[in-house]
Amino acid sequence: MRTLLQLCAFLSVAYAVDFYELLGISRSASQKEIKKAYRAKSLEYHPDKNKAEGAAEKFAEIAYAYEVLTDEDKKEIYDRHGEEGLKQHEQRGGQGGGGGFDDIFSHFGFNFGGGGRRGGEDQRTPDVEIPLRMTMKQLYLGDTIEVEFVRQTLCVNWQECMKDMPECQGAGIRVARQQIAPGFVQQVQQRDERCVSRGKMWRPNCRACPGGKTTTEKIDLTIDVTKGMRPGERITFEEVADEKPGLRAGDLHFIIIGMADSTFHRDGDQLYVTMEIPLVEALTGFTKEIVHLDGRKFSFTVDEVTECDHVMRLPGKGMPRRSGRGYGDLYVTFEVEFPDELTDKQKASIRKILLDAENNDEL
């Protein structure tokens with residue numbers, strides 16, 4: 001049984017990522033050698049310079065390996081217990097225990113002679129929302145739009161400019177501890193822009209990033225607008241917003257703004273149009289032609305008397321359904337145009353026709 005457990009442990013380590021092998025260094029490498037190897041590997045796989053498939057994932061693995069191997073505590077845990085042991089340590093917030101009585105007082109800014117449990121929330125930079133104005137025709141047909149987005153990206157060697165600082169509790173947040181009684185410590189939260197993440201502080205005037213934490217980058221994005229999309233819907237590019245040390249990049253959202261159309265009005269998948277017809281057509285019937293949003297023409301015929309504000313439904317002539325299953329309907333509202341005046345002869349003729357029709361109905 002013991003041999004079996006040792007074999008399983010060996011296999012789990014064998015199939016895990018070897019941080020030393022990833023950086024191309026030996027386990028006895030010095031910090032200077034680790035930094036040199038990281039610089040070479042990060043430049044080789046940086047997404048801005050290496051467009052090959054999987055380069056971004058490789059770059060992330062290299063950055064994480066460097067973070068671990070340049071942190072004495074994490075390196076010791078990794079060397080003794082491997083990546084799995086390191087994950088368990090991080091899940092516990094880097095502490096041996098946590099919770100209970102100590103956590104209750106931490107909400108009031110106090111703790112008893114030590115650090116309580118820390119939250120494991122994933123901090124992100126703010127999301128970005130950009131309005132995307134679309135015509136009804138674009139939303140009917142669908143469209144592909146190429147845009148250029150400008151954002152702030154991390155300096156390639158940003159991790160070399162980080163140093164450990166336990167007082168940093170998050171981006172821009174530093175906690176100062178003041179003992180007010182034996183074994184009784186009060187915590188005061190302060191604003192400190194040098195704190196970039198929990199336990200990490202930025203070293204000012206760092207030679208590895210002479211231009212600062214971030215640089216300006218322009219990226220090309222392709223926005224795919226699906227047929228039938230509605231105003232208010234979002235098209236999201238995940239983790240494309242500004243980057244900051246110690247934080248995940250937020251998301252970029254393009255919010256569809258529907259522009260008014262001169263002919264059609266939209267409500268969901270339904271379209272509405274108003275059509276004026278003369279009195280003679282309202283009484284005798286008619287055939288009309290409509291030019292749709294995509295330029296196609298179709299006609300319909302009405303043989304019966306049409307009342308004012310009568311609404312006619314034309315199935316399948318509305319907007320495309322988002323599900324891809326057919327189209328909504330088109331509703332046509334008729335407004336009857338009455339003549340401004342009639343001659344005596346016209347009045348007599350109309351009266352005779354209507355009275356004859358009424359007498360025929362009675363017979």
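Everything discussed here concerns the structure shown above.
First, a word on scope: everything that follows refers to the structure included in this document. (Residues numbered from 1 in each chain as written. Predicted model: local features only at pLDDT ≥ 70, side-chain atom pairs only at ≥ 80, totals over all residues. Heavy atoms only, no water.)

### Some points on the overall build of the protein chain
A tally of helices and strands in the protein chain yields nine helices and 16 strands. The 363 residues of the protein chain split such that 34% are buried. Across the protein chain, the fraction of contacts at a sequence separation of at least 24, relative to all contacts at a separation of at least 6, is 62%. (Helix = DSSP H or I, 4+ residues; strand = E, 2+ residues; numbered from the N terminus. Buried < 20%, exposed > 50% of the residue type's maximum accessible area, 1.4 Å probe, protein only. Contact = heavy atoms within 4.5 Å.)

### Digging into the nonpolar core
Side chains that are nonpolar tend, in soluble globular proteins, to be buried together. Formed by 37 residues in total, the largest nonpolar core has its most connected members in V225, I290, F300 and L330. In this view, V225 contacts L132, M134, L139, G142, D143, I145 and I235; residues no more than four positions away in its chain are not counted. L22, Y66, I77 and Y78 belong to the second-largest nonpolar core, a separate cluster that totals 19 residues. (Core = buried A, V, L, I, M, F, W, Y, C linked by side-chain atoms within 4.5 Å.)

### Comments concerning the sheet that holds strand β10 (residues 252–258)
Judged by pairing direction, the sheet is mixed, and its three strands sit side by side in the order β2-β10-β9 without closing on themselves. Edge strands, defined here as strands with exactly one partner in the open sheet, are β2 (128–134) and β9 (234–237). Direction aside, the axes of adjacent strands within the sheet are offset by 25 degrees on average. Bridge analysis of β2 against β10 gives seven bridges, and the strand direction is parallel. Paired with P131 across the strands is I255, a residue of β10. (Pairing = 2+ DSSP bridges. Axes fitted to C-alpha atoms, helices over the stretch in contact; angles between N-to-C directions.)

### Points about the sheet that holds strand β15 (residues 311–314)
The strand order across the open sheet formed by four strands is β11-β12-β16-β15, and the pairing between neighbours is mixed. Every other strand in the sheet has two partners, leaving β11 (265–267) and β15 as the edge strands with one partner each. Strand-to-strand twist of the sheet, defined as the mean angle between neighbouring strand axes without regard to direction, takes the value 30 degrees. Sheet analysis places β11 next to strand β12 (residues 270–278), joined by three bridges and oriented antiparallel. Its bridge partner lying in β12, H265 is registered against Y272.

### Re a negative patch on the surface
On the surface, E146, E148, D220 and D224 cluster together into a patch of negative charge. Listing elements by their share of the negative patch, those giving two or more residues are β3 (143–154) and β8 (214–225). Structurally, E148 can be placed in strand β3. (Patch = residues over 30% accessible without salt bridge, like charges linked within 9 Å, V, L, I, M, F, W, Y side chains within 5 Å. Areas by Shrake-Rupley, 256 points an atom, 1.4 Å probe, with all protein chains shown as cover. Salt bridge = Lys/Arg side-chain N within 4 Å of Asp/Glu carboxyl O. Lys, Arg positive; Asp, Glu negative; His and termini not counted. Charge placed at Lys NZ, Arg CZ, Asp CG, Glu CD.)

### Some words on the packing of aromatic side chains
Summed over all chains, the structure comprises nine aromatic pairs. When the centroid spacing of 5.6 Å and the interplanar angle of 85 degrees are considered together, the rings of F19 and Y64 count as edge-to-face. Of this pair, F19 sits in helix α2 (residues 19–23) while Y64 sits in helix α4 (residues 55–69), and the two are 45 residues apart along the sequence. Overall, F19 belongs to the buried group, its relative accessible area being 2%. (Phe/Tyr/Trp six-rings, centres within 6.5 Å; stacked < 30°, edge-to-face > 60°.)

### Some remarks on unusual backbone geometry
Phi at N205 takes a positive value of approximately 55 degrees, unusual for a residue other than glycine. Its location among the elements puts N205 in the loop between β7 (195–202) and β8. Non-glycine residue D309 carries a positive phi angle of around 65 degrees. In this fold, D309 is placed in the loop between β14 (297–302) and β15.

### Regarding the pairing of strand β16 (residues 330–337)
Only one face of β16 is covered, namely the face carrying L330, V332, F334 and V336; the face carrying Y331, T333, E335 and E337 is uncovered. Sheet analysis places β15 next to β16, joined by four bridges and oriented antiparallel. Counterpart to R313 in the pairing with β16 is Y331.

### Details of the pattern of salt bridges
Applying the stated criterion across every chain yields a total of 22 salt bridges. In this structure, K200 engages D164 in a salt bridge whose closest nitrogen and oxygen atoms are separated by 2.6 Å. With a gap of 36 residues between them, K200 in strand β7 and D164 in strand β4 (residues 162–170) connect regions that are remote in the sequence. Given the relative accessible area of 46%, D164 is considered partly exposed.

### Overview of α4
The terminal C-alpha atoms of α4, which comprises 15 residues, lie 21 Å apart, in line with the 21 Å expected from a rise of 1.5 Å per residue. Regarding α4, the residues found buried are A55, F59, I62, A63, A65, Y66, V68 and L69. (Expected span 1.5 Å × (residues − 1).)

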